[in-house]
Amino acid sequence: MDPSYSAVTVLGTVILGLLVSLWLPGIERKFVHARIQQRIGPPVSSPGLMAALKFFYKKTVRPSSPLPRLYNSLPIVGFISALLILLFLIPPMYTLGALASLVAIVGFLKIEEVIYVFMGSLSRSVMSMGMPFPDLARGAKHPDLQRYFLEDLSSMRAFRLIAFGSFPIYIALFVPAVMSGSIFLKDIVAYQAVHGPVLFTLAGVVGAVVFFIGYMILLNEYPFAILKTKADVIEGPYMEYAARYRAFVYITRGFLMFTLGCLFSVLFLGVPPNILSWGILVNIAVAAVFPILMAIFSAFAPVFTFKQFYPVTAAASVLGVLALVTAFV
Amino acid sequence: MDGKEEIIETEIAMGPVHSAAIEPYRVRLFVEDEIVRDAEITVGVNHRGIERIMEGLPVEKANSLTEKVCGICSGVHLWNSVLVAEKGLGVEIPERASYIRIIIGELERLHSHLLYLAHGNEVLGHETFSMRLFYIRETVMELLRLIGGNRVQYGVPIIGGIRPRADLDEMKVQRIREGIDLIEEKVEAFAERFTSDPMIMSRITGVCPISRKDALRLHVTGPTLRATGVDLDIRREMPCYDPFEFEVITQDEGDVRANLLMRVLEIFESVKIIRQALRDLPGGKVVDRSWEMQDTGIIKSYVEAPRGRLYHSYAIEDGRVRGSVIRTPSMSNIGAMQYACIGHHITDAQLGIVQCDPCFTCTDRAIEIVDLSDNPRR
């Protein structure tokens, strides 16, 4: 393939993806959440685009962290891992072999998951420590205890999410691999070009449902928002981000929505993101439909505690295994 | 705690400022693997010294100050404070004024309960219900503005009756009727949707229960007490409520579900009372100014505020207030809030506190300053 053609394809697709992703949180908030909640809602450009732009021009505040620079760099690491996933989904990158495979994608997704552990353990926000009450005062029930920060709690929850919460999406990723007999994206796309989209098979349908549940868990959306639920940890790992670093948090979330939508298009529809092909419209449509569905579910659900989270994740994982077995058959 | 000593190693401190708390208060949760083993709630962040400011003020001025105790149940504070003076001075108020006070009181109960339900759903993570409930509450707030001229501090009761500006003409009566019809319809729709949602029921059933025995031991009051099966409501002992028929709602479980349902069902009872008051609203004047100021001893008065038993007392000396004491229902309920969290997940702990409908801004009535160097207290 002509290198300049490849460069245009890759660069153009990434830029388009970035532009689209800036609108996805707005669509989710304005057209779904706000409508269901019978309120006007924010301008559609506000949550993804204008909020991020505004934060770029705010004064950066030094976070209360033992390693503030590392803490601040983590949203950028998250963005890069999402960017790498999108990069290797674009057809000209399939020549890179192992990097354009499911194993590499799982690796990049894991980076995205692991950064919350670091974020949580590197943050020491005033919300959990800077109290005006001395706990040694008369009547204090348990003085001199080791005190957890709210972010520590979110860090431990991130561990649990890595341990069991992300099972569904990883199982779902391998349904197309089982059907096509290869973990390489090139082969999965080629298989679907011949046999039709994986989504239109029984295993594909079940896998897609599991993928969607995993998508919501990975994006920490209600009811799976244990990492940043307002009822206890408030924002958890994100609490201390300010200015441009917070802007990256917003951008990364939108970009991850787009990337995971493209990942679904590649694995279940056989349509890779490519700005020079009409198939990009399918990618954009999937990337828009997923947040809309997610917003509908989250608008009608209370936040889960582990009591609800474990069974739902376990059921989704079992469903995923069933999809894998069906794919083998 | 089952009577056995547990070694607690970890504390999670929430507040005084926390997004799940609408007011500043301090919660210390002592946890093991995200399960709360003990809890401690500290208040005092919002102390404004209102009783101290009331000391020596002319009675009517001091009464109007009590309205600032709370931004949710401001009307009932003023009502009770005025009742103290009326009891002490032996003032009989016109029947029409009594009815209008009750309409205001029940509208306030409606908006307090709707706020409770909205906040409960917010803590539950159910943003949609929270928004919709706040939307329903707007109707009540507008009705209160219609009657009193303000949405939060309507300043209706005065010694001898109510302010003449809050008298109800035909137009106001009609608009209140329409308003409560709308509220009833919307709350019914909410209740049906809420109770039939298995995910919500799974999140609130059996969560943070308080038994009847513990509720009595911890001196719980108001709807939180009635949610444990205790049939106690001060409104039944208030003579002004005699002309009205209403049920005292009780639930048995004492958990979050029972508490939420309590408020929903109480909303319908308040609507019932308002309808009766509007239907039978007597004619005549709304204020009796024929009373005379005189010195009294300490006079006490209790009313059923939206959150439970509200106590006001003071003495009158040369037309001025002496020794004012206010005790709000949340003060009684703090013990239950601490107790309810124990044994439950951290995420449910705030729900356990919220189920007791805390109003810490009105609770902050006293402050103690401790010098840690030599420990003197004042």
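Residues numbered from 1 in each chain as written. Chains lettered and ligands numbered in written order. Predicted model: local features only at pLDDT ≥ 70, side-chain atom pairs only at ≥ 80, totals over all residues. Heavy atoms only, no water.

### Observations regarding helix H5 (residues 127–148) of chain B
- An ideal rise of 1.5 Å per residue puts 32 Å on 22 residues; H5 of chain B measures up with 31 Å between its terminal C-alpha atoms.
- Just beyond H5 of chain B, the residue with positive phi is Gly149 of chain B, at close to 95°. (Helix = DSSP H or I, 4+ residues; strand = E, 2+ residues; numbered from the N terminus. Expected span 1.5 Å × (residues − 1).)

### Here we look at the pairing of strand S2 (residues 26–32) of chain B
Residues and elements named next belong to chain B.
- Within S2, 6 of the 7 residues are buried, leaving the element largely enclosed by the surrounding structure.
- As judged from the 5 bridges shared by strand S1 (residues 10–14) and S2, these two strands associate in the antiparallel manner. Note on S2: the bridge partner recorded for Glu11 is Phe30.
- Here 7 bridges tie S2 to strand S3 (residues 35–42), and the two strands are oriented antiparallel to one another. Across the sheet, the residue bridging to Arg28 is Glu40, located in S3.
- Linkage of S2 to S3, two consecutive antiparallel strands, is achieved through a turn of 2 residues, within which Asp33 is found at a positive phi near 50°. (Buried < 20%, exposed > 50% of the residue type's maximum accessible area, 1.4 Å probe, protein only. Pairing = 2+ DSSP bridges.)

### Digging into the pairing of strand S6 (residues 299–305) of chain B
All names here are of chain B.
- Counting buried positions over the 7 residues of S6 gives 5, a clear majority of the element.
- Sheet topology places S6 next to strand S7 (residues 308–317); 7 bridges connect them, and they run antiparallel. Residue Ser301 lies in a different strand from S7, and its bridge partner there is His312.
- The loop that links S6 with its antiparallel partner S7 comprises 2 residues.

### Quick look at the environment of Leu263 of chain A
All names here are of chain A.
- Mapped onto the fold, Leu263 is located in helix H11 (residues 243–269).
- A relative accessible area of 0% means that Leu263 is categorised as buried.
- Sequence separation between Leu263 and Phe306 is 43 residues, and the spatial gap between their C-alpha atoms is 28 Å.
- If near-sequence neighbours (up to four positions away) are discounted, Leu263 is found in contact with Leu89, Ile105, Leu173 and Phe211. (Contact = heavy atoms within 4.5 Å.)

### Digging into helix H12 (residues 346–354) of chain B
- Of all the 9 residues making up H12 of chain B, 9 are buried; the element is thus mostly covered by neighbouring parts of the structure.
- Considered for burial, the residues of H12 of chain B that qualify are Ile346, Thr347, Asp348, Ala349, Gln350, Leu351, Gly352, Ile353 and Val354 of chain B.

### A short note on the packing of helix H10 (residues 202–218) of chain A against H11 of chain A
Residue and element names in this part refer to chain A.
- It is at 12 Å that the axes of H10 and H11 come closest, and there the two elements cross at 165°. Classified by the angle between their axes, H10 and H11 sit roughly antiparallel to one another. H11 is crossed by H10, and the crossing has right-handed handedness. Taking contact as the criterion, the partners of Gly204, Gly207, Ala208, Phe211, Tyr215 and Leu218 in H10 are, on H11, Met257, Leu260, Leu263, Phe264 and Phe268.
- In terms of residue class, the contact of H10 with H11 is made up of 9 nonpolar, 2 polar and no charged. (Axes fitted to C-alpha atoms, helices over the stretch in contact; angles between N-to-C directions. Parallel < 35°, antiparallel > 145°, perpendicular 65-115°, else oblique. Left-handed = near helix turned anticlockwise from the far one by under 90°. Nonpolar A, V, L, I, M, F, W, Y, C, P; charged D, E, K, R; others polar.)

### Quick word on the interface of chain B and chain A
- Listed as interface residues are 50 residues of chain B and, on the opposing side, 42 residues of chain A.
- At the boundary of chain B with chain A, total buried surface from both sides reaches about 4,100 Å², with 55% on carbon and sulfur atoms.
- In this assembly, chain B and chain A are joined by 4 salt bridges.
- In this structure, Arg29 of chain A engages Glu127 of chain B in a salt bridge whose closest nitrogen and oxygen atoms are separated by 3.4 Å.
- Viewed at the interface, chain A and chain B are joined by 14 residue pairs in polar contact (both at pLDDT 80 or more).
- Of all the elements in the fold, those that place two or more residues in the side of chain B that touches chain A are S1, S2, S3, helix H4 (95–124), H5, helix H7 (198–204) and H12 of chain B.
- Split by residue class, the side of chain B that touches chain A holds 19 nonpolar, 14 polar and 17 charged. (Buried area = accessible area lost by both parts, 1.4 Å probe. Salt bridge = Lys/Arg side-chain N within 4 Å of Asp/Glu carboxyl O. Polar contact = N/O pair within 3.5 Å; in protein donor to acceptor, adjacent residues only side chain to side chain.)

### Looking at the confidence of the model for chain B
Residues and elements named next belong to chain B.
- Confidence along chain B averages 92 in pLDDT terms, with 95% of residues attaining 70 or more.
- Here helix H13 (residues 360–363) is the element of chain B with the lowest mean pLDDT, 83, and helix H10 (residues 256–279) is the one with the highest, 97.
- Interface predicted TM-score (ipTM) for the complex: 0.91; the corresponding pTM is 0.93. (pLDDT = per-residue confidence, 0-100.)

### Topic: the UniProt feature "transmembrane region" (unreviewed entry) in chain A
- Mapped onto this numbering, the UniProt entry annotates "transmembrane region" (unreviewed entry) at residues 6–25, 70–90, 96–119, 161–185, 197–218, 247–269, 275–297 and 309–328 of chain A.
- Secondary structure content for residues 275–297 of chain A is 83% helix and 0% strand, while the C-alpha to C-alpha distance between its ends is 31 Å. (UniProt positions renumbered as here; feature names shortened; annotations may be inferred.)

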